[in-house]
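Here is how the chains run, residue by residue.
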Amino acid sequence: MKKAFKVPHTLTLLFSMMIVAMIATWIVPQGFFETALTDTGRTVVIPGTYTLAEERGLLTPWQLLTAVPRAFAAAQDIIFFVFIVGGVLAIARKTGTVDALIGRLLEKHSDAPHKLIFMVIFFFSLASGAIGTAGEYIPFVLILVALCKAMRLDSMTAVGMTVAGYGVGYGVSAFNPFTVLIAQGIAEVPPYSGMWLRLALILPFCIIAYHHVWRYAQKVIADPKASMVADLPCPVGDISNKSYPSLNKRHQLILATFLVTIGIAIYGISQHGWYLYELGACFVGWGLLTTLIGRLSFDEASDSFIEGVKDLTTTAVLIGIARGIALILEDGQILHSIVHGLSLPLSHVPATISAFGMLVIQTILNLFVPSGSGQAFVTMPLMAPLSDLVGVPRQVAVLAYQFGDGFSNMIVPTNAVLMGIIGIAGVPYDRWFKFCMPLLLKLMLAAAVVLMLAVVFGYGADVQPEVVLAPVETVTAP
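Residues numbered from 1 in each chain as written. Predicted model: local features only at pLDDT ≥ 70, side-chain atom pairs only at ≥ 80, totals over all residues. Heavy atoms only, no water.

**Concerning the overall build of the protein**
Here is step 1 of the chain: Scanning the protein for helices and strands turns up 19 helices and four strands.
Here is step 2 of the chain: Here the C-alpha radius of gyration of the protein, 23 Å, is about what a compact globule of 478 residues would show, namely 23 Å.
Here is step 3 of the chain: For the protein, the spread of C-alpha atoms along the principal axes amounts to about 70 × 55 × 50 Å.
Here is step 4 of the chain: Here the protein holds 478 residues, and the buried ones make up 53% of them.
Here is step 5 of the chain: For the protein, the proportion of contacts with a sequence separation of at least 24, taken over those separated by at least 6, is 81%.
Here is step 6 of the chain: Of the charged side chains in the protein, 27 are positive and 28 negative, and the gap between their average positions amounts to 14 Å. (Helix = DSSP H or I, 4+ residues; strand = E, 2+ residues; numbered from the N terminus. Rg over C-alpha atoms; globule rule 2.2 N^0.38 Å. Buried < 20%, exposed > 50% of the residue type's maximum accessible area, 1.4 Å probe, protein only. Contact = heavy atoms within 4.5 Å. Lys, Arg positive; Asp, Glu negative; His and termini not counted. Charge placed at Lys NZ, Arg CZ, Asp CG, Glu CD.)

Have a look at this one:
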């Protein structure tokens, strides 16, 4: 009797992708664009300067192995942030605050899980679209997992609503400073221009995401065995018959300080450019306050913190290995070659098809450049002049970049935030892929329709900069 096929462990899948990336560096032509520094110190590519490398440098298996510790170093900010959040939340749980909050939410919403799903998706999308929040959702994951389990849902539902809100928010953002404003600046269109369309898209795309997650949740409610993670242990344990403490004044004060911490983090992000180091410091401060308000001894808080960190060790390892895939491609000098090769066919198709092609290109490239701002600096200097050649308004090229970057954030394994969220929730990547891929296709189909209509109706034509086109010679392989 043949053994049933067993999907490899997520770590095995990610390391296999590193091996495939190394082999790709042996096959794909190595080349690069010339680059220049912007006023802000960021590196952008210069269109029309792609050249093949004079000599091919082959990566060796030894370089593959050294890429692993280098990847952990490169991803240290998100890894340590995950550790800090896990430890601090363990302290909060020790005080009983998390359980009391879940109990209160169950009293109000246990009979309306659809409201919870829509609210999380909608408000997370608004936050991501406004200030680019992503890793900031990690503290909410275990709370949502526990809440979903108490509502007879599962951890996949919790991850679904979290990541769907994050992905939609980035994809249709009206003024995300880390994606929209950077891309518009490179494309030389006015900052915040075209906002009316992006604002109008938030609700329809949230509804698409909500419909997908809620349909799955309904199946789980009707039959718990239909859960895609039914055979896996829940990271919050068995809480089916759990009794919850009442939400007393001490718990309320701890929750109030949590909201203040989030508010300080949001202010720092929007006004001072804070990121994970500063956010980690905010949560360390909240952990100390929680210890004092919750009247825990420092030994109790220390033990809880260490236990919380231990629980996220697997997640940290996955985040580090995921970063290694992009690192191999950068070392092999094929990233610019991939960008160049993907962009060439667009000049031979109608403008509406070119707009869709830009969406596909940005989606593919997000696998190699998971950073939203990084992708803007690599691709938009090429997409902006290319859009002029094919008759696509630059504003549409920016929108294609947003869609491709934002929606694919929900599924690319090189996205450290995604790997952190599914790791904390105990959801293997292959099962998440199976859950999320249909949602990604729905969002991409809707995005393709929007882009084609945007070209037809001249979205962004009113702010299209005047350009002087000059023929560009492309260097090809001899």
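Having seen the model, we can carry on.
**Considering the pattern of salt bridges**
Here is step 1 of the chain: A complete count under the given rule lists four salt bridges for this structure.
Here is step 2 of the chain: Put simply, Glu-188 and Arg-394 hold a salt bridge, and the shortest N to O gap is 3.5 Å. Of this pair, Glu-188 sits in the loop between helix H8 (180-187) and helix H9 (195-222) while Arg-394 is found in helix H17 (residues 394-408), placing the two residues 206 residues apart along the sequence.
Here is step 3 of the chain: The exposure class assigned to Arg-394 is buried, which follows from its relative accessible area of 6%.
Here is step 4 of the chain: Here Lys-310 and Glu-307 are joined by a salt bridge, their closest N and O atoms 3.5 Å apart. Residue Lys-310 and its partner Glu-307 are located together in helix H12 (residues 298-311), separated by three residues, close to a single helical turn.
Here is step 5 of the chain: We classify Glu-307 as partly exposed; its relative accessible area is 43%. (Salt bridge = Lys/Arg side-chain N within 4 Å of Asp/Glu carboxyl O.)

**Here we look at the packing of aromatic side chains**
Here is step 1 of the chain: On inspection of all chains with the given rule, the structure shows 18 aromatic pairs.
Here is step 2 of the chain: Ring geometry for Phe-81 versus Phe-283: centroids 6.0 Å apart, planes at 75 degrees, classification edge-to-face. Of this pair, Phe-81 sits in helix H3 (residues 76-94) while Phe-283 sits in helix H11 (residues 276-293); the two residues are 202 residues apart in sequence, bridging distant segments of the chain. Across the pair, Phe-283 and Phe-81 agree in class, each one buried. (Phe/Tyr/Trp six-rings, centres within 6.5 Å; stacked < 30°, edge-to-face > 60°.)

**Section: empty space enclosed by the protein**
Here is step 1 of the chain: Within this structure, the stated rule accounts for three cavities of 30 Å³ or more.
Here is step 2 of the chain: Empty space within the largest cavity amounts to approximately 50 Å³.
Here is step 3 of the chain: Lining the largest cavity, in full, are Leu-89, Arg-93, Val-98, Ile-102, Leu-142, Ile-143 and Ala-146.
Here is step 4 of the chain: Those elements giving two or more residues to the lining of the largest cavity turn out to be H3, helix H4 (97-109) and helix H6 (138-150).
Here is step 5 of the chain: Of the residues forming the lining of the largest cavity, the biggest block, three residues, is contributed by H6.
Here is step 6 of the chain: Looking at the lining of the largest cavity residue by residue, the classes come out as six nonpolar, no polar and one charged. (1 Å grid on protein atoms, 1.4 Å probe; cavity = no way out; pocket = protein on both sides within 12 Å on 5 of 7 lines; lining within 4 Å. Points joined across faces, edges and corners; volume = space filled by probe spheres on them. Nonpolar A, V, L, I, M, F, W, Y, C, P; charged D, E, K, R; others polar.)

**Describing helix H18 (residues 416-425)**
Here is step 1 of the chain: A large share of H18 lies buried, amounting to nine of its 10 residues.
Here is step 2 of the chain: On its buried face, H18 is in contact with helix H1 (10-27), H3, H6, helix H7 (155-171), helix H13 (313-331) and helix H19 (429-456).
Here is step 3 of the chain: Where H18 ends, the next residue or the one after it, Gly-426, has phi of about 70 degrees, a positive value.

**Points about the side chain of Arg-198**
Here is step 1 of the chain: Relative to the assigned elements, Arg-198 resides in helix H9.
Here is step 2 of the chain: Among buried Asp, Glu, Lys and Arg side chains, Arg-198 stands out as unpaired, with Asp-462 the closest opposite charge at 10 Å.
Here is step 3 of the chain: Looking at Arg-198, its side chain comes within polar contact range of the main-chain oxygen of Ser-193, at 3.1 Å.
Here is step 4 of the chain: Within polar-contact distance, the side chain of Arg-198 engages the side chain of Tyr-459 at 3.4 Å. (Polar contact = N/O pair within 3.5 Å; in protein donor to acceptor, adjacent residues only side chain to side chain.)

**Some points on the environment of Gly-332**
Here is step 1 of the chain: Within the fold, Gly-332 resides in the loop between H13 and helix H14 (335-343).
Here is step 2 of the chain: Judged by its relative accessible area of 0%, Gly-332 is buried.
Here is step 3 of the chain: Leaving out residues up to four positions away in the same chain, Gly-332 has contacts with Thr-25, Gln-30 and Leu-59.

**Brief notes about the packing of H3 against H13**
Here is step 1 of the chain: Between H3 and H13, whose axes approach to 9 Å, the crossing angle comes to 165 degrees. The orientation of H3 with respect to H13, classified from their angle, is roughly antiparallel. Viewed along their axes, H3 and H13 form a crossing whose handedness is right-handed. Contact residues: H3 offers Ile-78, Ile-79, Val-82 and Phe-83, while H13 offers Thr-313, Thr-315, Ala-316, Ile-319 and Gly-320. (Axes fitted to C-alpha atoms, helices over the stretch in contact; angles between N-to-C directions. Parallel < 35°, antiparallel > 145°, perpendicular 65-115°, else oblique. Left-handed = near helix turned anticlockwise from the far one by under 90°.)

**Thoughts on H11**
Here is step 1 of the chain: Compared with an ideal rise of 1.5 Å per residue, which puts 18 residues at 26 Å, H11 spans 25 Å between its outermost C-alpha atoms and is within 8% of the ideal.
Here is step 2 of the chain: Phi turns positive one or two residues past the end of H11, at Arg-295, with a value near 55 degrees. (Expected span 1.5 Å × (residues − 1).)

**Topic: the packing of H7 against H9**
Here is step 1 of the chain: Relative to each other, H7 and H9 sit at 170 degrees, their axes nearing to 10 Å. Of the possible angle classes, the one that applies to H7 and H9 is roughly antiparallel. Of the residues in H9, those touching H7 at Met-156, Thr-157, Gly-160, Met-161, Ala-164 and Val-168 are Phe-205, Cys-206, Ala-209, Val-213, Tyr-216 and Ala-217.
Here is step 2 of the chain: Among the residues forming the contact of H7 with H9, the class breakdown is 10 nonpolar, two polar and no charged.

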